[in-house]
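# Commentary on secondary and tertiary structure
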Amino acid sequence: YEDLHAFELQAPTRLIEWARGNRVCVAGYGQSGGNEILQLLPPPTLQVKETQGLCPERDFKVECGGFSNRPVYSLKYVPDTSLLVTSGPPDSSLQVWQVSAEDSDVIKPVGAIATVNGTGQPWAKIATVSARAPWVLHGSRLNSVQITEVESRKNVYMAASSNSEELSGLAFLDGNTLLLCCAKGQLCLADVRQLQSPLEAVSVPSAPCGEQWCMGVGRGPQGSDSSSQPVACLSSGGHLTLTDLRKTSESLASAKCRVPSPSSGAEFLCVSWAPALEGCLAISGFDGTVHVYDTQSWDSSGREAEPIFVHRGHSFGGSDSSGGPPLVTVHTWHPQKPRTLLSAASDGSLHVWDWVQSCGKC
Amino acid sequence: LVFLLLGPGAGQDVGRSCILVSIAGKNVMLDCGMHMGYNDDRRFPDFSYITQNGRLTDFLDCVIISHFHLDHCGALPYFSEMVGYDGPIYMTHPTKAICPILLEDYRKITVDKKGETNFFTSQMIKDCMKKVVAVHLHQTVQVDEELEIKAYYAGHVLGAAMFQIKVGCESVVYTGDYNMTPDRHLGAAWIDKCRPDLLISESTYATTIRDSKRCRERDFLKKVHETVERGGKVLIPVFALGRAQELCILLETFWERMNLKAPIYFSTGLTEKANHYYKLFITWTNQKIRKTFVQRNMFEFKHIKAFDRAFADNPGPMVVFATPGMLHAGQSLQIFRKWAGNEKNMVIMPGYCVQGTVGHKILSGQRKLEMEGRQILEVKMQVEYMSFSAHADAKGIMQLIRQAEPRNVLLVHGEAKKMEFLKQKIEQEFHVSCYMPANGETTTIFTNPSIPVDISLGLLKRETAIGLLPDVKKPKLMHGTLIMKDNSFRLVSPEQALKELGLAEHQLRFTCRVHIQDPRKEHETVLRVYNHLKGVLKDYSVQHLPDGSITVESILIQATAHSEDQGTKVLLVSWTYQDEELGSYLTSLLKKGLPQSTS
């Protein structure tokens with residue numbers, strides 16, 4: 001490690017979201033209420049700018065917080081507003097919150113976005129994009145994908161699909177294109193300007209059935225067309241496929257990761273591209289580790305790939321609330337620092353780590 | 001009623017602590033700290049808040065000092081000897097032993113080196129300490145007949161304590177600085193379920209999520225190692241007592257493990273005494289240290305030697321611990337000036353630096369410092385900050401509240417604007433009120449004191465004999481007389497009260513008239529009434545007396561004919577005050593009329 005920081009949150013989180021000013025947001029997912037949404041100011045070592053204020057420290061500061069009765073499974077800031085939205089069981093509705101860090105440090109609930117026939121549905125996946133603020137893309141199944149304008153709660157787009165496949169993720173590729181990932185692995189594209197046309201299905205990855213899939217979308221530099229970046233899909237069996245959305249007939253590359261089968265299914269599967277390291281991505285959700293891979297040397301053979309780094313820190317924690325070894329629930333890359341990642345686990349730990357660059361690699 | 005006047009000092013002003021609590025008529029001062037960043041009178045709390053009402057000794061019942069850090073005890077000699085206070089000052093034994101050393105040290109630097117005049121003298125420190133009464137942990141100390149205090153272990157530094165202040169059944173717990181996680185040489189704070197009316201807790205780190213100790217230590221050792229490997233010198237300014245010991249233990253273990261040869265020095269004098277006191281007060285350290293102390297003295301170091309001023313000029317790598325901790329004066333500043341110009345060297349600040357000190361300036365990024373005589377010092381050495389100070393974070397505060405179960409919580413030492421979330425968190429989780437007053441602000445907290453009342457045995461026995469069996473879950477209504485005399489409250493039977501007070505007993509009797517339509521003779525009506533009541537009131541004693549009246553328990557019913565209307569009979573129902581309930585019931589029952597068929 002170049003750098004390693006280990007923090008302990010009062011309650012475990014399954015999301016780490018970046019906000020303005022390199023702030024980080026985490027939230028509890030306990031079933032019995034009393035969950036906290038915390039917006040944290042990272043220690044100066046994680047800020048890119050010169051240190052402001054008194055003395056440089058190593059600690060996160062809780063800048064503001066809110067209380068949620070529901071477990072918070074997903075959270076997204078709505079760009080250009082002081083709002084954020086969250087989702088979680090027991091239905092597919094979204095909760096809207098206001099962050100006003102200047103006069104008070106409380107994140108206040110200001111309303112909800114209900115969904116038609118939402119009760120009993122799985123929790124909604126959420127996505128936002130700064131080009132289309134204050135739109136929020138959300139849905140739990142292919143046929144319930146919609147875009148709502150957060151301030152007016154007006155529905156501006158509804159996916160034309162009768163397919164009730166459950167979603168594992170969705171994203172804006174740009175201001176007009178949506179990418180949807182089904183739990184069974186199917187990827188679909190949609191154009192928000194074409195309200196009536198059905199979703200365009202993209203090739204299904206060739207891997208054994210019965211596996212759950214999630215996706216990671218690359219984020220190019222601000223304003224660039226994300227559809228030029230390959231999409232990474234990760235399965236609960238450890239298969240990773242990269243797909244170029246412009247040429248979807250065959251996958252760009254694929255590999256197998258040496259990971260155990262996850263004890264909690266696909267609940268915490270997470271794959272993400274490094275914003276500042278060409279071709280690198282990270283995966284987690286199988287156990288207490290986070291793997292980092294360099295995909296530049298991959299081909300389409302699907303053989304086993306060697307990670308360039310494995311973060312094992314969470315495995316050395318105590319046991320989580322269910323008594324088992326800690327499971328990494330989520331990870332994310334630092335937007336500017338190339339090799340810095342943040343990862344959280346089911347025992348409440350939050351790690352910030354940076355590995356030593358070995359010669360000749362990325 | 002507990003008034004809290006937040007003295008000049010604590011409450012959003014990290015720098016000095018001084019809180020005034022007024023509880024049930026007693027006035028207690030909690031801590032008496034000095035602000036290290038100011039060089040004028042602003043460093044002392046402004047006691048005019050309280051002296052405007054007369055002499056401090058008359059006003060205050062006692063002063064309590066939580067631990068030896070100067071921001072908690074630094075103004076004590078000024079307060080007792082220059083402003084004037086002759087009452088008792090309470091602190092733990094280690095605090096009493098160590099305080100005068102730190103005060104004298106600071107006095108020397110301020111007066112001798114800086115040439116200040118309005119400052120307390122050595123004699124004043126001695127005179128002040130004569131007023132100190134040392135206390136043991138968990139020892140209940142009677143300050144006077146009504147006021148008592150008790151100290152609890154607070155962790156944080158050697159001898160630090162949290163204090164419970166109790167007057168009758170009202171109590172306040174003041175935490176001072178505390179720490180809920182044990183470290184290398186001190187245990188964690190602990191308090192019993194004392195349920196105080198108010199818990200005053202420090203909240204400096206309430207909004208912080210702290211990096212793990214392991215990672216901080218790893219980073220610290222990495223930095224020291226790298227500097228020493230390249231031949232540089234590492235300066236670690238410390239307060240003699242506190243983190244210094246912990247860092248020594250850490251370095252010693254690391255040097256041993258890595259087989260390093262560079263010398264480590266600890267400046268003498270103050271620090272020798274420090275180690276001496278740690279040994280003296282070994283029971284105040286944590287379990288692990290005490291155990292190892294038996295086998296090997298943890299405070300005697302193999303790799304750490306006493307420092308001599310001349311060593312600072314020696315070539316080659318070395319690590320030096322020197323006082324004071326904020327580089328504001330003394331030996332650490334001298335060494336800093338010698339080493340600052342070489343970029344191979346490093347200075348690691350192990351604690352918070354108050355504004356105005358050299359430590360604070362270099363941590364803020366200043367690299368050109370103006371020294372006395374207008375000399376400019378260029379700082380090329382690496383400046384690092386390694387915070388090891390042990391304060392409770394949000395999780396720790398919640399833990400303490402859970403342990404003590406206070407009815408109200410008051411937070412000091414934090415930044416009010418940013419505490420709304422913590423306030424809500426505490427209020428939601430514990431259903432208590434949480435206050436965050438500003439400097440100079442008064443907070444009033446209302447308490448519900450319980451008033452003990454003695455109940456006479458006779459009354460208790462009598463009341464439990466009547467009616468249903470006592471149920472532990474249901475409150476039972478009792479009738480008695482409360483006598484308040486000479487500060488005592490007694491609940492006795494009315495007869496006893498009358499006897500004691502020499503009063504005559506009066507009987508209250510109610511008589512109610514119920515009209516019944518019945519053309520028959522009086523004695524027939526009576527018979528009808530008797531049979532009716534007998535049938536309805538099966539659990540009661542209903543009797544038909546020879547003189548024509550009916551009794552239900554002790555209630556008397558008589559029938560007479562109406563004077564003007566023979567068809568109407570008038571029933572007189574008569575009862576005493578004690579039978580009010582039954583009497584009212586009978587009346588309403590009879591008003592409903594008699595059933596048609598009778599025997």
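Whatever comes next refers back to the structure up there.
Note that this is a predicted model, so its numbers are computed, not measured.

### A short note on a nonpolar patch on the surface
All names here are of chain B. There is a patch of nonpolar side chains on the surface, built from Ile 451, Val 453, Leu 482 and Met 484 and spanning about 400 Å² of accessible area. Tracing the backbone through its elements, the reader meets Leu 482 in strand 25 (residues 481-485). With a relative accessible area of 43%, Leu 482 lands in the partly exposed category.

### Focus: the packing of helix 13 (residues 394-404) of chain B against helix 14 (residues 420-430) of chain B
All names here are of chain B. The contact between helix 13 and helix 14 brings their axes to 11 Å, and the two run at 30 degrees. One finds that helix 13 runs roughly parallel with respect to helix 14. As helix 13 packs across helix 14, the resulting crossing turns out to be right-handed. Contacts between helix 13 and helix 14 involve Ala 394, Ile 397, Met 398, Ile 401 and Arg 402 from the former and Leu 422, Lys 425, Ile 426, Glu 429 and Phe 430 from the latter. Along the lines of polarity and charge, the residues of the contact of helix 13 with helix 14 split into seven nonpolar, no polar and three charged.

### Describing the sheet that holds strand 9 (residues 107-113) of chain A
Residue and element names in this part refer to chain A. Strand order in this open sheet of four strands is 6-7-8-9, and the pairing throughout is antiparallel. The outermost strands of the open sheet, each flanked by one partner alone, are strand 6 (74-77) and strand 9. On average, each strand axis in the sheet is inclined to that of its neighbour by 25 degrees, with strand direction left out of account. Where strand 6 lies against strand 7 (residues 83-87), four bridges are found, and the strand directions are antiparallel. Note on strand 7: the bridge partner recorded for Leu 75 is Thr 86.

### So, the interface of chain B and chain A
On the chain A side, the residues contacting the 29 residues of chain B number 32 residues. Our enumeration of links across chain B and chain A arrives at three salt bridges. In this structure, Lys425(B) engages Glu36(A) in a salt bridge whose closest nitrogen and oxygen atoms are separated by 2.7 Å. Inspection of the region where chain B meets chain A yields 13 residue pairs in polar contact (both at pLDDT 80 or more). Counting residues per element, the ones that place at least two in the side of chain B that touches chain A are strand 12 (208-209), helix 7 (213-229), helix 12 (358-363), helix 13 and helix 14 of chain B. Looking at the side of chain B that touches chain A residue by residue, the class counts come to 11 nonpolar, seven polar and 11 charged. As defined by bridge partners, strand 5 (residues 60-68) of chain A adjoins strand 12 of chain B across two bridges and the pair is classed as antiparallel. Bridge pairing links Lys61(A) to Thr208(B) in strand 12 of chain B.

Cut-offs and rules
Residues numbered from 1 in each chain as written. Chains lettered and ligands numbered in written order. Predicted model: local features only at pLDDT ≥ 70, side-chain atom pairs only at ≥ 80, totals over all residues. Heavy atoms only, no water. Patch = residues over 30% accessible without salt bridge, like charges linked within 9 Å, V, L, I, M, F, W, Y side chains within 5 Å. Areas by Shrake-Rupley, 256 points an atom, 1.4 Å probe, with all protein chains shown as cover. Salt bridge = Lys/Arg side-chain N within 4 Å of Asp/Glu carboxyl O. Helix = DSSP H or I, 4+ residues; strand = E, 2+ residues; numbered from the N terminus. Buried < 20%, exposed > 50% of the residue type's maximum accessible area, 1.4 Å probe, protein only. Axes fitted to C-alpha atoms, helices over the stretch in contact; angles between N-to-C directions. Parallel < 35°, antiparallel > 145°, perpendicular 65-115°, else oblique. Left-handed = near helix turned anticlockwise from the far one by under 90°. Contact = heavy atoms within 4.5 Å. Nonpolar A, V, L, I, M, F, W, Y, C, P; charged D, E, K, R; others polar. Pairing = 2+ DSSP bridges. Polar contact = N/O pair within 3.5 Å; in protein donor to acceptor, adjacent residues only side chain to side chain.

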